[in-house]
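Letter by letter, the chains look like this.
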Amino acid sequence: MSRDSYVIDSLAFAREGRHKTGQMPVSGFERLSRLVCAPSGDVVFAVTGVRSDQGESFLDVEASCELAVRCERCLEVMSLPVEVSGRLLLVPPGMPLPDDDLEEEEFDPIHADSALALLPLVEEEILLGMPFAPRHEQCNAPLPLGGAVKKSPFAVLESLKTGKGSEN
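Quantities reported herein were computed from a predicted structural model and do not represent experimental measurements.

**Remarks on the overall build of the chain**
In step 1: When helices and strands are tallied, the chain shows four helices and seven strands.
In step 2: Going from N to C terminus, the chain has its helices and strands arranged as β-α-β-α-β-β-β-β-β-α-α.
In step 3: Per element, the accessible surface of the chain, about 11,300 Å² overall, is 50% carbon and sulfur.

Here is the structure:
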């Protein structure tokens, strides 16, 4: 599908309770593809319009993908499964966005648009759902150049503490 097919009239979409699903290569998301080691695989996503009993309009965004990222501890490439879901409150054009200190942390407000592009919303949810510093569950930090393990500068203090140091 083309990128144009993922542009909606957001308020009508939510009011009518429509649902749109899709699949896009990771390489099709500019910011996301710059953060990964290899922009391979696909992002699978779904966007659903919701109208609350109070008349508020929402977009529910769900996405999942498998990303090749660098482990921040061992610096090796690792596979990172990402599954995210978020709710966006559609604020009508011309209305101010609610304060940042909303009591509700269940949704984020955005301005409604008659030509709202869904792919940037999906990308934003994935970026927000990624860990700041991805790491393997079990891995070791890389060794210094040459593979030698440096002796801790505090080892001398440890030997003094335990009484195993040389006595003067």
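From this point, the discussion proceeds with the structure in view.
**Observations regarding the pattern of salt bridges**
In step 1: A full pass over the atoms with the stated rule returns five salt bridges.
In step 2: Residue Arg31 is joined to Glu124 by a salt bridge in which the shortest nitrogen-to-oxygen separation is 2.6 Å. A residue pair is termed long-range when its members are at least 10 positions apart, and Arg31 in helix α2 (residues 30–35) and Glu124 in helix α3 (residues 118–129) qualify at 93 residues.
In step 3: With a relative accessible area of 35%, Arg31 lands in the partly exposed category.

**Some thoughts on the sheet that holds strand β3 (residues 42–51)**
In step 1: If you trace the five strands from one edge of the open sheet to the other, you get β2-β3-β4-β5-β6, paired in mixed fashion. The open sheet has two free edges, formed respectively by β2 (19–25) and β6 (108–111), since each of these has just one partner strand. When strand polarity is set aside, the average angle formed by the axes of neighbouring strands in this sheet is 30°.
In step 2: With 14 bridges connecting them, strand β4 (residues 57–70) and strand β5 (residues 77–91) associate as antiparallel partners. Bridge assignment links Val61 to a residue of β5, and that residue is Gly86.

**Some thoughts on unusual backbone geometry**
In step 1: Positive phi values are uncommon outside glycine, yet Leu75 reaches one of about 70°.
In step 2: With respect to the secondary-structure elements, Leu75 resides in the loop between β4 and β5.

**Examining the pairing of β3**
In step 1: Pairing of β2 with β3 involves seven bridges; the strand directions are antiparallel. Paired with Lys20 across the bridge in β3 is Val47.
In step 2: As paired strands, β3 and β4 are joined by eight bridges and run antiparallel to one another. Residue Arg51 lies in a different strand from β4, and its bridge partner there is Ser57.
In step 3: Hairpin connection from β3 to β4: five residues lie between these consecutive antiparallel strands, with Gly55 at a positive phi of about 90°.

**Topic: the nonpolar core**
In step 1: Formed by 35 residues in total, the largest nonpolar core has its most connected members in Val43, Leu59, Leu67, Val122 and Ile126.
In step 2: Among the secondary structure elements, those contributing two or more residues to this core are α1 (10–15), β3, β4, β5 and α3.

**As for the side chain of Ser57**
In step 1: The residue Ser57 is located in strand β4 in this model.
In step 2: Contacts of Ser57, omitting those with residues within four sequence positions, involve Leu11, Ala14, Val50, Arg51, Leu88, Leu89 and Leu90.

**Looking at a nonpolar patch on the surface**
In step 1: On the surface, Phe154, Val156, Leu157 and Leu160 cluster together into a nonpolar patch covering about 450 Å² of accessible area.
In step 2: You can see Phe154 is positioned in the loop between α3 and α4 (155–162).

**Some remarks on the packing of aromatic side chains**
In step 1: Within the structure shown, the criterion is met by two aromatic pairs.
In step 2: Taken together, a centroid distance of 5.2 Å and an interplanar angle of 65° make the contact between Tyr6 and Phe45 edge-to-face. In this pair, Tyr6 sits in the segment before β1 (7–8) while Phe45 sits in strand β3, placing the two residues 39 residues apart along the sequence. Phe45 shares its class with Tyr6; the two are buried.
In step 3: Sitting over the face of the ring of Phe58, Arg87 holds its NZ or CZ atom 4.7 Å from the ring centroid.

**Observations concerning the environment of Arg87**
In step 1: By the element assignment, Arg87 lies in strand β5.
In step 2: Exposure remark for Arg87: the relative accessible area of 30% places this residue in the partly exposed category.
In step 3: As a C-alpha pair, Arg87 and Pro109 span 22 residues in sequence and 8.7 Å in three-dimensional space.
In step 4: If we ignore the near neighbours within four places in the chain, the residues touching Arg87 are Val50, Phe58, Leu59, Asp60, Glu106, Phe107 and Asp108.
In step 5: Among the polar contacts made by the side chain of Arg87, one reaches the side chain of Asp60 at a distance of 2.6 Å.

Analysis parameters
Residues numbered from 1 in each chain as written. Predicted model: local features only at pLDDT ≥ 70, side-chain atom pairs only at ≥ 80, totals over all residues. Heavy atoms only, no water. Helix = DSSP H or I, 4+ residues; strand = E, 2+ residues; numbered from the N terminus. Areas by Shrake-Rupley, 256 points an atom, 1.4 Å probe, with all protein chains shown as cover. Salt bridge = Lys/Arg side-chain N within 4 Å of Asp/Glu carboxyl O. Buried < 20%, exposed > 50% of the residue type's maximum accessible area, 1.4 Å probe, protein only. Pairing = 2+ DSSP bridges. Axes fitted to C-alpha atoms, helices over the stretch in contact; angles between N-to-C directions. Core = buried A, V, L, I, M, F, W, Y, C linked by side-chain atoms within 4.5 Å. Contact = heavy atoms within 4.5 Å. Patch = residues over 30% accessible without salt bridge, like charges linked within 9 Å, V, L, I, M, F, W, Y side chains within 5 Å. Phe/Tyr/Trp six-rings, centres within 6.5 Å; stacked < 30°, edge-to-face > 60°. Lys NZ or Arg CZ within 6 Å of the ring centre and 35° of its normal. Polar contact = N/O pair within 3.5 Å; in protein donor to acceptor, adjacent residues only side chain to side chain.

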